[in-house]
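Spelled out, the chains give:
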Amino acid sequence: PLFRSKQWYQRRVAITAGVLCKQSIPAENFPFCTIDPNESRVSVPDERFDWLCDHFKPPSKVPAYLSVVDIAGLVRGASEGEGLGNAFLSHIGGCDAIFSMMRVFDDPDVTHVDGEVDPLRDTETIFQELRLKDVEYLTNNIEKVGKVVARMGDKDKVAKNEYETMLKARDLLKDGKDVRKCTWSNKEIEALNKHLLLTSKPVIYLINMGEKDYIKKKGKWLLKIKKYLDENDPGATMIPFSGALEQRLLDDPDNAKTFLEENKTQSNLDKIIVQGFKALGLEYFFTVGADEVRAWTIQKHTKAPQAAGKIHSDMERGFIKAEVYKYEDIVEHKSEAAVKAAGRYRMEGKNYEVQDGDILMIKFNVTDAKKEKSTDCDSALIPLL
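Bear in mind the structure is a predicted one, so any value in this text is a computation, not a measurement.

Rules and cut-offs
- Residues numbered from 1 in each chain as written.
- Predicted model: local features only at pLDDT ≥ 70, side-chain atom pairs only at ≥ 80, totals over all residues.
- Heavy atoms only, no water.
- Salt bridge = Lys/Arg side-chain N within 4 Å of Asp/Glu carboxyl O.
- Buried < 20%, exposed > 50% of the residue type's maximum accessible area, 1.4 Å probe, protein only.
- Core = buried A, V, L, I, M, F, W, Y, C linked by side-chain atoms within 4.5 Å.
- Helix = DSSP H or I, 4+ residues; strand = E, 2+ residues; numbered from the N terminus.
- Contact = heavy atoms within 4.5 Å.
- Phe/Tyr/Trp six-rings, centres within 6.5 Å; stacked < 30°, edge-to-face > 60°.
- Lys NZ or Arg CZ within 6 Å of the ring centre and 35° of its normal.

**Student:** How would you explain the pattern of salt bridges if you had to name every residue and give the values?
**Tutor:** Under the definition given, this model contains 19 salt bridges. Across the salt bridge formed by Arg180 and Asp178, the nearest N and O atoms sit 3.9 Å from each other. Its relative accessible area of 1% is what places Asp178 among the buried residues. Its salt-bridge partner being Asp233, residue Arg180 comes within 3.0 Å of it at the nearest N-O pair.

Here it is in structure tokens:
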């Protein structure tokens, strides 16, 4: 994503639905039954990982993970503390992306804080509160950085750029524009990345439908939401799903497959998790063998030495080369020896940009200063911490 969180390694996404975590999280028929955030780590579904595990049959299987945080909904005035708003906004601030839940189902047994269901109004409320909180944050920091600029003038170009960028961001927010939707220069992005504004976070819209409407693939709000997003957030990802249906499948796993087949429908949880992972600008490479198959999460455009460092810091420090082949190569040729014989096994250096789905073996050399000797080894010989 354009703006990167300091908590990047946690890969955390804010959401307001415990069923996506496949956990029993409180969901009562009254506002704010969830006060403290509930966090769960969910594995990222990937047929490639499943195939590699089936092929190598290792005792250790480690997929990629996404941390999902269940956060209570916001009400008007949240930026000023209404409805425990300050606490909820701080929880969102600790995440790297947002699943924005849009309720479109009517149910007299599920109370809405505003009386009636209107997902467009609800979405406006949420993002207006995020903008107001960002304005408050920027106002405080503009004053602080402004004192530095007043004292140093053009001598401190970094502070001046930060000051001017924050002023621009605040003006745009006051005009009702989210930071992530605006155009920024590289210098401005560098300045904004220090502040992790709420409206800079990537957003995926989840359309929570009633079970019957979801199965029928119909609903009075779907076209209205699509039009709204096209006008207000062009290119945004919108995923319809049914929390009621997902809960049914979770409560009765033995009959879940039969229910889906009989109703000619499917769960959308896997799609939601995968899209949440992609929203963070993440991908992963694999290490494979008889002992372990593991997916290692990296940012897009990561170079080979930094990818090696995800396995062990010594591998980055003493990086020599990466032996690389594609997942598709092992599927086609069935063994590393056959992949090599087919000329698909490559040696890549420090400038190689690791691609999603690459299978790597790292060659490196680390000198032990105390023993004054070096060790030349590969990834299979280093204990994984």
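There is more to say, and it comes next.
**Student:** I'd like to hear about the nonpolar core, residue by residue, with values.
**Tutor:** Grouped together as the largest cluster of nonpolar side chains are 28 residues, with contacts concentrated most on Leu130, Ile207, Ile225 and Leu245. Elements that contribute at least two residues to this core include exactly α2 (85-93), β5 (97-103), α3 (119-152), β6 (203-208), α6 (211-216), α7 (222-232), α8 (243-251) and α9 (253-262). When residues of this core are assigned to their parent elements, the largest contribution, four residues, is made by α7. Here Ile207 is in contact with Met102, Val104, Leu222, Ile225, Met238, Ile239, Pro240 and Phe241, once residues within four sequence places are set aside.

**Student:** How would you summarise the environment of Asn365 if you had to cite specific residues and measurements?
**Tutor:** Its place among the elements puts Asn365 in strand β12 (residues 358-368). Through-space distance from the C-alpha of Asn365 to that of Lys321 is 9.9 Å; in sequence the pair is 44 residues apart.

**Student:** Can you break down the packing of aromatic side chains residue by residue, with the values?
**Tutor:** Tallying each qualifying case throughout the model produces five aromatic pairs. Taking 5.9 Å as the distance between ring centres and 90 degrees as the angle between the ring planes, the aromatic pair formed by Trp51 and Tyr327 counts as edge-to-face. Highlighted residues: Trp51 in helix α1 (residues 47-56) and Tyr327 in helix α13 (residues 327-333), separated in sequence by 276 residues. Here a set of aromatic residues connected by ring pairs shows up, and it is made of Phe277, Tyr284 and Phe286. The positively charged end of Arg103 is found above the aromatic ring belonging to Phe105, 4.4 Å away from the centroid. A cation sits over an aromatic face here: Lys340 above Tyr345, 4.7 Å from the ring centre.

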